[in-house]
Each structure stands twice: as C-alpha cells, then as structure tokens.
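Here is how the chains run, residue by residue.
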Amino acid sequence: MPFSIRPHKEFLVRPSLPPELSRLAEMAHNLLWVWDYNVRGIFRRLDPVGWRLAHHNPVLMLGRLPQATLEKASKDPRFLALYRRACEKLDHYMQSSTSSGEKLIAYFSMEYGLAECLPIYSGGLGVLSGDHMKGASDLDLPLVGVGLLYQKGYFSQSVNPDGWQIERVLSNDFYTLPVSPVVRPDGSEMLVSVHMPWGEVFAKVWVIEVGRVKLYMLDTNIPVNARAEDRAITEQLYGGDSRTRIQQEIILGLGGMRALKELGLNPTVFHMNEGHSAFLALERMKTLMREQSMSFEEALEATRNNNVFTTHTSVPAGIDLFDAGLVSEFFLEYCNQNGIPFDAFLALGRWSNSGQSQESFSMAIFAIKSSYWRNAVSALHGVISREMWQELWPQLPAAEVPITHVTNGVHLNSWLNGDLAALFEQYLQPDWRERIDDPATWALVDDIPDNELWETHKRRRRQLITFVRGRLVDAASQRKASPAEIKRLSEALDPEVLTIGFARRFATYKRATLFLQDIARLKRLLNNNRMPVQIVISGKAHPKDNPGKAFIREIVQLTRDPELAKRIVFVEDYSIGVARELVHGVDVWLNTPKRGEEACGTSGMKAGINGVLNLSILDGWYDEVYEVSGGWALGDRDDYREEQDEMHSSAIYSRLENEIVPLFYEAREDGVPHEWVKRVKQSLKNLNPAFDMSRMLKDYGRLLYDPAHEAFTAAAKSNFEAPRARVRWNQQVRSSWDHVRFLEMEGGPATPVYNGRALPLRAAVDLAGLTANDVRVEAVVGRVGPSGNLEQVEIFPLPPVDQRGTVYVFSTEFMPHQTGRLGYSLRISSNHFTNPLMRPCEALLKWG
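As a further point, take the overall build of the chain. A tally of regular secondary structure across the chain gives 30 helices and 28 strands. Its C-alpha atoms give the chain a radius of gyration of 29 Å, within 12% of the compact-globule value 29 Å for 848 residues. Each of the three principal axes of the chain carries a C-alpha extent, and together these read 90 × 70 × 50 Å. When each of the 848 residues of the chain is scored for burial, the buried share is 56%. When contacts within the chain are restricted to residue pairs at least 6 apart in sequence, those whose partners lie at least 24 apart make up 72%. For the chain, the computed accessible surface area is about 35,100 Å², with 51% contributed by carbon and sulfur atoms. Here the chain contributes 95 positive and 104 negative side-chain charges, whose respective centroids are spaced 3 Å apart.

Here you go:
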C-alpha cells in the first residue's frame, strides 16, 4: 500500500482573478450557465481544452487555469466583450425577478440532476427534479429546494471484456463543484442536527444557486460527526441497506425542515417529490404541537392542508418500506418526547389504520395520508395510481380516488441543441424563449425551409457520431483493448445512416433487449445496402439489479458480432452529457416499456423537442400525444400481458422495415426527405409547448401549489381554529356514524324514458343527530356494464329539502347525459372537504 500523509490542517486556495474578470467565480457558481449559452460560452472560450477536461465544470476549470491564461484573457478585447455580455445576461436575468409575497414552496427530493459535473442523481427522477428547479427559476416561482449532497453520488459505469457492468465509485470534491457552504452572520458554517438512537448527527448546509432559486443540500460527512457511520449517511445515493436508507430519509425530512428554519424561511407549501422526504410531515406536526399547543390530530389536520405529494411509482415494488421494528428504533423516542402517539404515527404509514400490526411502514402511504394534495405524473399514471391506492379509500370507486395528475415536462432551454435554437432565432418570434408553452409560438416552425431543418439535424448526427466514437475509443483504451479493436471502434457508425437511440436506466420492465428477439431479421435490417440502420444504446443498471446487468451484457456481446460491430454500439457511463448528445443527434428514439409501468418517461420528450421522432409503446406521456407527435406507436392501448413481448418485438421490425426506413430514405431530388421533415415539424409544433417545464409548473400552480397555499393560509387564521374545529367535528361525526342510515330511496321510472327528460331522485336519511350540513348525499349515475357494475359515472348532489326529527329528506332532479341501460346508487359521506382532492383516507362514507 502506498504511503499517505493526512494533512494537519486544510485550507482553500481560489484562483486570483484579474479585476477585469472579477465576476467569473460568481458566474461559475450560478448554474444559469447550464442553460444559457452566453454565460456558458465564456468558460468554453477561456480554455476549450480545459473546459472539456473539467467535464464542463467551470469551478474546477478556473481552479486549474494558469494565472497567465487569466491575465491574457483580461487584456483580450474579444474575450472582454463576451465577458461583459455574459455579465449583462446574468444581471438582467437575476434583476428581473418579481417574486414577492407570502407564498413559498419548499421542494424536497432525494436526487437532483442539474449538470453533468454534479453527479448527485441516478436517473429520471433526479433529472426531473433538476429541471423543476430550472423551470421554477425561469418562471420566477417562489420556490426553494432541499436535498442531500452525496460524497460519492451515483456510480460511474464501465463494462468488462465479457460485457458485465462494473461500478466505480468516485468521490466528489465539493470545493471544486458549483456549491457553497451556507455561512451564518457570525461567519460560522451552518449546521443542523437530528437525534438518532445513539446521539446527535450533524449535517452541514450547502447551497447551489440555480438561476434565481436556491437549492439547499445537507451533508453529514463532516468532522463534528465522530462516528464513521454518521459521516457515511450521505455518502452515496441509494447506497447501503434499509438502515442507511431510513437515516438518509430522516436527514432529508427532519434535517431539511430544520435547515429551512435555521435559514429563516417559512414555506407555505411543502412538496414531497416521491415518498423519500415524507418524514418532513412528522416534523411539521411536532413543530405545530409545540408552538401552537395542538394535539397530534389537530396538527395532522393543519399540516395536511399544504403538503403536496407526487408519486412516480407504477408498481408497489418501487416503494420504500421499513420494518416496524426499524421505525420504532428510530422514532419511538422522538414520538414519546414530543407527545406523538407512536401507534397513530405507524398507522399513517400502513394500509390498515392500525399501529398494532407487524405490517411494514410505507413512506408513500405516509405521504398520502399526511397530504391533502396528491398527484401522479401522467394521465395514464393517474389511472394506475388511483387503482393502486384504491384500498386506502375502500368505499370509493377507483375513478374517484383523490389523486390527480400533472404530466411531467422537461426544461427545453437545457435540452434543446444549439443548432436548432439558432434556427429558431431566425424563424420564430424574438421572444420565443419567453413563450415556450404557447402553441402559437411554434406554429411558425412551418416557415423553416425543409432543407435548413434537415441540414441542421444532419450536422447534429455527425457530431453525435464523433462523440460516440471518442467514447468508444476511450473505453477500449481503458480496458487495454488491442490496436485493431480500437481502430475498429474509431470507425463505428456512419454519419449518413438512419440512427436509432435507446438510452435509459436498465430496469427490466423497460425491456431493453426487445429488439434483439430475432437476430437474423435484425441483421438484415441493419445491413441493408440500400437503406442501412444503426443503433446507439446507453444506460446503467442498479448495482443490485443482476437481470438488468444481464441485459447490458447481452447487448454488449452483440456489438462484438462481426456482422453488427459497425451498426450497434453501447456507450458506457450514461449521464446527462451522454443523454444530451443522443437526443440531439439520433433520428428515432426507441422506448419499449411494459405498458402501465413507465409512470411518465421524459427521454422521449427531450428527443422530440429536438426533432427526433419517437417509436414507442403507448405508455406514460406518449399515450397522451402519440396521434399528433409525428412518431409511431408499438402496440395498442391494452394492458400489458407477457405474450405481448413477442408481438411488440415483431412490431419494431415491421414498423422499421415497412414505414420508418423507407420514409427516411425516400427518393430525394434535392437531398431532403420532405415527408420525414414534415413529421419532424409536427413533433416540434406539438411537443415543445405541451411538454416544456413551464407548462408543467403552471399546472402544479393551478392544481396544487395555489390551492395548498390558500388552504393553509385559511387554516392558520385565528390560531389555527379551523383545523381544531375540524377535529372536534370529526369526533362528533364518528360517534354518530354507525347509526346513520338510509330509510327510503326513490327515483327513476320503471319504463324507458327519452334522453333530455329530467328524472327525480329522493332519499330519506336518519342522520342520528347530525345535521344536513355535516353530510353529503349524492347519486352516482352511470351505464350498467357487462359485469353489472356502473361505468362512466356522473355524480349528482342531493340537497336537503325537509326535516322530521333526526330524519332528513334529500331530493333533486337529474338529466341523463347518456342513453342505453343506466343505473344509479345513492351514498352519504361526511362533508369533510371543499375540493374533491382533499378527501382524506379516513373520510366516512356509506352506500344506500
């Protein structure tokens, strides 16, 4: 083992910037450079080679630059002009902020994919969180982010000679990244602490400037934590066992809340992006119980008003579960010290409402039960989520389970390629970047000449091929490949050939090897002399996912088949940077998940906004837009069955052989495939406004953030009297509910009626001492399906019209909007909510 010396003391040396370039460090530490080419361009111009070697990290690059390079740049009028323009851009962006008022959204996420030089993300969830922050900055949304700063982030990937994935863990040096310690007014670094069963664990607070918004990150790898195990809590994203995971989620939820308090921030909306951060709800309850002298039930009722929970899972297996004993170890003392009934807390994380069983504690269920605002991430995922969580509302049909949806989006300015952006500058309105979500902005895409759009994309394809060849050669050199192998890889792919991209996390449900089911047919397709095809593949499997790793090995081994070696390549170490090159340069984006298991998916969006056509299963986001996307579908809108694998595999070949490839290589007198370009324009016109992050965030505002803010503002009035009264009302209703019953139900004629005729409905209900204002009586009307159940239902309220003691009469007329065999049922529920999304799991309901 080599001899090593530990430093007696550490200190930080920063580059000495000439006065003329004094703001370079400021610009390097604000991630606006990620999506603004004016700011990014000065770092690339300063030292193009250094920029590449620093993996596009301006902080690291500045630290490596020779002083002579900085001095030379400070005297170069050409560079100074670029520098001044970047400063003006930054100042204009930051000073145009109009955010004010009481509303503040706190956004919690386990991972953030902001830039390739910040490897604190693993996949789509993190990239979405990063885009969420960037989009909030562009919209000047009053939002602050909270997350964990991982010492080792996610792993770096390589493959061995057999094609098996090898994980390499790289350590982040935070002082060479665009992050900064948060410093208190007295000059000390900000720390927060969380009590664990063995004592206090401290976390250092860092900040990442994301344009106008701030992202606060917690880091336990600090000297004040004497135990190595404590320092390792934030060591690696999704690393370790369930003990590590619960500690990470405690730091995120409890520690994150305490960091916000230390910072003097008072959010009015708390957004849990997945269930990892759900412990924040418990910390909020504890705080209200202490500061407002509330009971646990009152604090739960108050905090639900402005908790927002987003679920990204489509199958129960994707949810964090903790053993009841583990939860007890970490939270029993916390609950006892703060007057929180531990069994009541456990019940909030379980399907049942019991804290006595041995059922595991689900972070997703805890988030659902402690929030009034819940959403899935696409329309289809909303349907699946309502079915998946229907048991939490056992008396409700799945369609009424209070989970709405906001379809994900992508930050267009981060993912749009520069060549295409330059074309938009010529042919769209000058303010197109400020009106991305307006369909009228993109109608002008039709004005772009076909030949210019086609040449722009060909240029990006050539750039992609150069990039891929470089990555293949670098990887081969790392594994000591032969000179012949390296030469072969340097000539892989053809910049003039139809190129298909497939890049994503190698989870088995994504069916990465679906296109390999018929190798002979695949070879004929790829090696067609007149119309050849090539495929670029990239992605990582979770370190513990051996089936996913087996998919990678199967693909890598296929790339070594002499008949396919120049037509299929696997690019190692998938990242934001690799993804960006692929979605910029391929022609077709392939997506093959089992329908219903891809909650949304955003890689196809990123491809589509760059004019890449999608070939995809009708799942997630693509199910909403296929007909106007310009792309192609695989299969129908049927639930997944295992026998579909063969059918979908065959459909890939058929679509390519009969439609896609001939269209791409159509006869071109002017060298332009005009029908293909027509589809490209269709993609740009319809996907860009519909799936940009600004549309997504406006949907969040309208459906979730604004009503959550308003609900909490109303709840907080008069010392939180409204939630206190609601708890008292709940207790009164529960004490009477067993005696509430329907006495009479009348309505609907015995003979057929004609559409357009109003039909009477009447019900007499014994409310057992409750009043008509305490309940809702509703008719659920719909078509009687083959199973005898109601389908396509509509809800009609029955207002009270009479009272006889404890018996109330409710009556209305309704107009059928359907024809055929109809039916209805009556129900009564506790009148607990004003918005259907705010129906809690424990809301009382009876059917007549």
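Time to look at the packing of aromatic side chains. One pass over the structure, following the stated rule, counts 32 aromatic pairs. Where W351 meets W389, the ring centres are 5.3 Å apart and the plane angle is 25°; that geometry is what we call stacked. With W351 in the loop between α14 (342–347) and β12 (361–362) and W389 in the loop between α16 (379–388) and β14 (404–405), the pair connects residues that are 38 residues apart, well separated along the chain. W389 gets classed as buried once you look at its relative accessible area, which sits at 1%. Their ring planes at 65° and their centres at 5.6 Å tell us that W454 and F664 sit as a pair that is edge-to-face. Of this pair, W454 sits in helix α20 (residues 450–478) while F664 sits in helix α27 (residues 644–664), placing them 210 residues apart in sequence. As far as burial versus exposure is concerned, W454 and F664 are alike and both buried. Pairwise contacts between aromatic rings join F279, F331, Y334, F342, F345, F361 and F366 into one cluster. The ring of F712 carries the charged tip of R284 above its face, separated from the ring centre by 5.4 Å. Taking NZ or CZ as reference, R580 lies 5.4 Å from the ring centre of W415, over its face.

To continue, consider the state of the cysteines. Enumeration over the complete set of coordinates arrives at zero disulfides. Free cysteine: C335, not disulfide-bonded; nearest cysteine sulfur from C841 at 19 Å. The exposure class assigned to C841 is buried, which follows from its relative accessible area of 12%.

Each regular strand carries side chains that alternate between the two faces of the sheet. Taken across its five residues, strand β9 (residues 269–273) has five buried, putting it largely inside the fold. Taking every second residue as pointing to the same face, both faces of β9 are buried, with V269, H271 and N273 on one and F270 and M272 on the other. Summarising the sheet, β9 and strand β10 (residues 307–310) pair through four bridges and their orientation is parallel. Paired with F270 across the bridge in β10 is N307.

The next subject is the sheet that holds strand β22 (residues 759–766). Across the sheet, four strands lie side by side as β21-β22-β26-β25; this open sheet has antiparallel pairing. Looking at the sheet topology across the chains shown, the edges are occupied by β21 (741–747) and β25 (800–804). Direction aside, the axes of adjacent strands within the sheet are offset by 15° on average. The sheet contact formed by β22 and strand β26 (residues 807–814) spans eight bridges and is antiparallel. Within the sheet, the bridge partner assigned to R762 lies in β26 and is S811.

Given a rise of 1.5 Å per residue, 21 residues ought to cover 30 Å, and the 29 Å separating the end C-alpha atoms of helix α30 (residues 717–737) matches this to within 8%. R724 marks where α30 bends most, by close to 25°. Of the surrounding elements, those touching the buried residues of α30 are α11 (279–291), α12 (296–304), α29 (693–715), β23 (775–784), β27 (822–830) and β28 (845–847).

Now for the pattern of salt bridges. Two side chains bearing opposite charge may form a pair once their charged atoms approach each other closely. One pass over the structure, following the stated rule, counts 62 salt bridges. Ionic pairing is found between E283 and R258, a salt bridge with its closest N-O pair at 2.8 Å. With E283 in helix α11 and R258 in helix α10 (residues 242–262), this pair connects stretches of sequence that are 25 residues apart. Its relative accessible area of 21% is what places R258 among the partly exposed residues. Measuring nitrogen to oxygen at the nearest pair gives 3.1 Å for the salt bridge that ties R461 to D587. On the criterion of sequence distance, the pair formed by R461 in helix α20 and D587 in the loop between α24 (576–585) and β18 (588–591) is long-range, its members being 126 residues apart. For R461, a relative accessible area of 1% corresponds to the buried category. When salt bridges that share partners are traced, they join R479, E485, R488 and E572 into one network.

Right, let's get into the nonpolar core. Formed by 148 residues in total, the largest nonpolar core has its most connected members in F331 and F345. Tallying contributions element by element places α29 first for this core, with nine residues. In contact with F331, not counting residues within four places along its chain, are I250, L254, F279, L282, F342 and F345. If you look at the next biggest cluster of nonpolar residues, it comprises 98 residues, including V377, W454, L582 and L613.

As a further point, take α20. For α20, which comprises 29 residues, the first-to-last C-alpha distance of 42 Å matches the rise-based estimate of 42 Å (1.5 Å per residue) to within 8%. With its phi angle positive at about 60°, K480 sits one or two positions after the end of α20.

Turning to its location among the elements, T513 is positioned in the loop between β15 (498–503) and α22 (519–526). Setting aside residues no more than four positions away along its own chain, T513 makes contact with F551, E554 and I555.

Looking now at the packing of α27 against helix α28 (residues 674–690). At a minimum axis separation of 7 Å, α27 and α28 run at an interaxial angle of 105°. When the axes of α27 and α28 are compared, the pair comes out roughly perpendicular. For the pair formed by α27 and α28, the contact residues are I660, L663 and F664 on the first element and E675, W676 and R679 on the second. Here the residues of the contact of α27 with α28 are counted per class, giving four nonpolar, no polar and two charged.

Right, let's talk about the sheet that holds strand β17 (residues 568–571) for a bit. Strands sit in the order β17-β16-β15-β18-β19-β20 across an open sheet of six strands; the sheet is parallel. With one partner strand each, in any of the chains shown, β17 and β20 (632–634) form the two edges of the open sheet. The sheet shows a mean angle of 20° between the axes of neighbouring strands, taken without regard to direction. In the sheet, strand β16 (residues 533–538) pairs with β17 via four bridges, with the strands oriented parallel. Across the sheet, S538 pairs through a bridge with V571, a residue of β17. Docked against the sheet, α20 engages β15, β16 and β17, running at close to 65° with respect to β17. Across the sheet, α22 is in contact with β16 and β17; its angle to β16 comes to roughly 115°.

Counting buried positions along strand β8 (residues 213–219) yields six of seven residues, so the element is predominantly enclosed. In the sheet, strand β2 (residues 143–148) pairs with β8 via five bridges, with the strands oriented parallel. The residue bridging V146 from the neighbouring strand is Y216, located in β8. The sheet contact formed by strand β7 (residues 199–210) and β8 spans seven bridges and is antiparallel. Looking at β8, one finds that V210 is bridged to V213.

Rules of the game
- Residues numbered from 1 in each chain as written.
- Predicted model: local features only at pLDDT ≥ 70, side-chain atom pairs only at ≥ 80, totals over all residues.
- Heavy atoms only, no water.
- Helix = DSSP H or I, 4+ residues; strand = E, 2+ residues; numbered from the N terminus.
- Rg over C-alpha atoms; globule rule 2.2 N^0.38 Å.
- Buried < 20%, exposed > 50% of the residue type's maximum accessible area, 1.4 Å probe, protein only.
- Contact = heavy atoms within 4.5 Å.
- Areas by Shrake-Rupley, 256 points an atom, 1.4 Å probe, with all protein chains shown as cover.
- Lys, Arg positive; Asp, Glu negative; His and termini not counted.
- Charge placed at Lys NZ, Arg CZ, Asp CG, Glu CD.
- Phe/Tyr/Trp six-rings, centres within 6.5 Å; stacked < 30°, edge-to-face > 60°.
- Lys NZ or Arg CZ within 6 Å of the ring centre and 35° of its normal.
- Disulfide = S-S within 2.5 Å.
- Pairing = 2+ DSSP bridges.
- Axes fitted to C-alpha atoms, helices over the stretch in contact; angles between N-to-C directions.
- Expected span 1.5 Å × (residues − 1).
- Bend = angle between axes of the 7 residues up to and from the residue.
- Salt bridge = Lys/Arg side-chain N within 4 Å of Asp/Glu carboxyl O.
- Core = buried A, V, L, I, M, F, W, Y, C linked by side-chain atoms within 4.5 Å.
- Parallel < 35°, antiparallel > 145°, perpendicular 65-115°, else oblique.
- Nonpolar A, V, L, I, M, F, W, Y, C, P; charged D, E, K, R; others polar.

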